[in-house]
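Here are the chains, one letter per residue:
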Amino acid sequence: MGKRLKQVYDAFLVLDVEATCVEGSDFAYPNEIIEWPVCLLRWKDANVKGKTRELEIVAEFRSFVRPTWRPQLSEFCQALTGITQEQVDSASTFPEVLQDFRKFLEEHELLDEAGHRLARFCFCSDGPYDIRDFVVKQCFISKIPVPAWLSGDVMDVRRVVGEWHDANTAAAVERRQVNVGAFPLPRRMTFPIPRQLHALGLEPFVGRQHSGIDDTRNICRLVIELARRGWRLEPNTAINPNRRWPWMGKRGKVLEEYYS
DNA sequence: AGCTTATTCAGATAAGATGG
DNA sequence: CCATCTTATCTGAATAAGCT
């Protein structure tokens with residue numbers, strides 16, 4: 001059981017986007033975001049000294065997003081994410097959804113109208129990809145800058161769970177004791193969400209895997225449990241908003257020669 | 001001591017995995 | 001086709017050990 005801890009952040013925004021893909025596409029593909037699900041977590045037990053342990057979901061934002069470069073979803077993508085063509089057809093484009101999301105952040109007193117931070121908040125996702133890759137790609141395609149409030153503080157929850165696992169499991173502790181002194185030292189374990197849940201002693205995955213909102217809610221369970229166990233939650237992922245991929249042409253153009 | 005061979009260790013390099 | 005992280009493999013220097 002964790003002790004109460006002075007935590008750095010007031011709020012956490014757990015995010016797990018879904019994006020377009022085709023069978024066999026690799027990490028350089030111009031993925032377009034098609035679902036933007038976010039849960040807002042806040043402390044519910046901060047004492048006078050600001051020490052906390054209990055996080056709770058206080059709000060959810062969820063919107064599908066209509067892709068513009070390749071508006072038609074592949075069969076593969078629909079099967080993977082469970083998202084239908086109709087759902088994206090009737091959705092807004094990314095810049096519009098981002099505006100709505102910004103309003104959400106203002107309503108919850110995380111940003112002011114000028115986009116300044118009103119509280120310390122940190123985005124959380126499973127793996128480093130969501131903001132580092134998908135958001136950066138999407139902003140290029142949408143011809144908009146990556147908002148500063150989105151690229152600052154990012155925590156890869158999968159990695160944190162791995163670090164927690166290394167530091168706390170019997171196997172890892174034993175390994176460390178046996179190998180006093182000279183050994184390659186801590187190999188960090190990382191694994192998919194269902195096994196992360198198990199590692200933290202939680203009940204199995206709830207909902208449908210690769211559904212953005214369900215993934216997001218399960219990541220929330222991980223973050224809440226890490227906090228409950230007294231683990232400090234802080235950013236561990238750098239974002240380069242100007243990162244470029246080979247298919248990026250001038251002024252938001254996707255070079256078509258890469259994809260027939 | 002002088003030489004050779006083995007062992008260890010650290011750093012470099014190569015290879016593999018990676019989410020939607 | 002990118003970038004990053006992790007693991008495995010290689011390499012070379014330093015060290016240790018064995019031998020005459």
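Quick note: structure is the one above.
Described below are features of the structure shown in this document. None of these values were measured; they are calculated from a predicted model.

1. Some points on the overall build of chain A
Secondary structure summary: chain A contains 9 helices and 8 strands in total. In terms of C-alpha radius of gyration, chain A reaches 19 Å, essentially the compact-globule figure of 18 Å for 260 residues. Its C-alpha atoms put chain A at 55 × 45 × 35 Å along the principal axes. The buried share of chain A, reckoned over its 260 residues, is 48%. The long-range fraction of contacts in chain A, counting pairs at least 24 apart against all pairs at least 6 apart in sequence, stands at 71%. Within the structure as shown, chain A displays about 13300 Å² of accessible surface, and the carbon and sulfur contribution to it stands at 51%.

2. Some remarks on helix α6 (residues 157-168)
Between the first and last C-alpha of α6 there are 16 Å, a value that for 12 residues agrees with the 16 Å anticipated at 1.5 Å per step. What α6 keeps buried is the set Val157, Val160, Val161, Gly162, Trp164, His165 and Asp166. Between the side-chain oxygen at the start of α6 and the backbone nitrogen of Arg158 there is a gap of 3.0 Å, and the oxygen is on Asp156.

3. A few points about the packing of aromatic side chains
Within this structure, the stated rule accounts for 14 aromatic pairs. On the numbers, 6.1 Å between centres and 50 degrees between planes, the contact of Tyr9 with Phe12 is tilted. We classify Tyr9 as buried; its relative accessible area is 8%. Grouped by ring-pair contacts, the aromatic residues Trp36, Phe61, Phe94, Phe101, Phe104, Phe121, Phe123 and Trp149 constitute a single cluster. Above the ring of Trp69, the side-chain terminus of Arg70 is found at 4.2 Å from the ring centroid. For Lys137, the ring lying beneath its charged end belongs to Trp245, and the centroid distance is 5.0 Å.

4. Quick look at the packing of α6 against helix α9 (residues 212-228)
Following both chains from N to C, one finds α6 and α9 inclined at 40 degrees, their axes separated by 11 Å at the closest point. With respect to α9, the element α6 is oriented oblique. For the crossing formed where α6 meets α9, the hand is left-handed. Contacts between α6 and α9 involve Val157, Val160, Val161 and Trp164 on the former and, on the latter, Ile219, Leu222, Val223 and Leu226. When the residues that make up the contact of α6 with α9 are grouped by side-chain class, the tally is 8 nonpolar, no polar and no charged.

5. A few points about the pattern of salt bridges
Should their charged atoms come close, side chains of opposite charge can pair. The tally for this structure, following the rule as stated, stands at 16 salt bridges. As a salt-bridge pair, Arg62 and Glu35 come within 2.9 Å of each other at their nearest N and O atoms. With Arg62 in strand β6 (residues 55-64) and Glu35 in strand β4 (residues 33-43), this pair connects stretches of sequence that are 27 residues apart. In this structure, Asp133 engages Arg132 in a salt bridge whose closest nitrogen and oxygen atoms are separated by 3.1 Å. Residue Asp133 is classed as buried on the basis of its relative accessible area of 6%. Where salt bridges share partners, they join Glu60, Asp214 and Arg217 into one cluster.

6. Focus on the nonpolar core
Ranked by size, the top nonpolar core spans 40 residues in total, and within it Trp36, Phe101, Phe123 and Trp149 carry the most contacts. Those elements that provide at least two residues to this core are β2 (11-15), β4, β6, α3 (94-107), β7 (121-125), α4 (129-141) and α5 (148-151). With 27 residues, the next largest nonpolar core counts Cys39, Val157, Trp164 and Ile219 among its residues.

7. Some details on the protein's contact with DNA strand B
Near DNA strand B you find 15 residues, and of these Ala19, Cys21, Ser25, Phe27 and Arg158 are the closest. Here a base nitrogen of DNA strand B sits 3.3 Å away from a polar atom, N or O, in the main chain of Asp26. His210 places a polar side-chain atom, nitrogen or oxygen, 3.2 Å from a phosphate oxygen of DNA strand B. Along the lines of polarity and charge, the residues of the surface near DNA strand B split into 8 nonpolar, 3 polar and 4 charged.

Quick notes on the rules
- Residues numbered from 1 in each chain as written.
- Chains lettered and ligands numbered in written order.
- Predicted model: local features only at pLDDT ≥ 70, side-chain atom pairs only at ≥ 80, totals over all residues.
- Heavy atoms only, no water.
- Helix = DSSP H or I, 4+ residues; strand = E, 2+ residues; numbered from the N terminus.
- Rg over C-alpha atoms; globule rule 2.2 N^0.38 Å.
- Buried < 20%, exposed > 50% of the residue type's maximum accessible area, 1.4 Å probe, protein only.
- Contact = heavy atoms within 4.5 Å.
- Areas by Shrake-Rupley, 256 points an atom, 1.4 Å probe, with all protein chains shown as cover.
- Expected span 1.5 Å × (residues − 1).
- Polar contact = N/O pair within 3.5 Å; in protein donor to acceptor, adjacent residues only side chain to side chain.
- Phe/Tyr/Trp six-rings, centres within 6.5 Å; stacked < 30°, edge-to-face > 60°.
- Lys NZ or Arg CZ within 6 Å of the ring centre and 35° of its normal.
- Axes fitted to C-alpha atoms, helices over the stretch in contact; angles between N-to-C directions.
- Parallel < 35°, antiparallel > 145°, perpendicular 65-115°, else oblique.
- Left-handed = near helix turned anticlockwise from the far one by under 90°.
- Nonpolar A, V, L, I, M, F, W, Y, C, P; charged D, E, K, R; others polar.
- Salt bridge = Lys/Arg side-chain N within 4 Å of Asp/Glu carboxyl O.
- Core = buried A, V, L, I, M, F, W, Y, C linked by side-chain atoms within 4.5 Å.
- Near = heavy atom within 4 Å.

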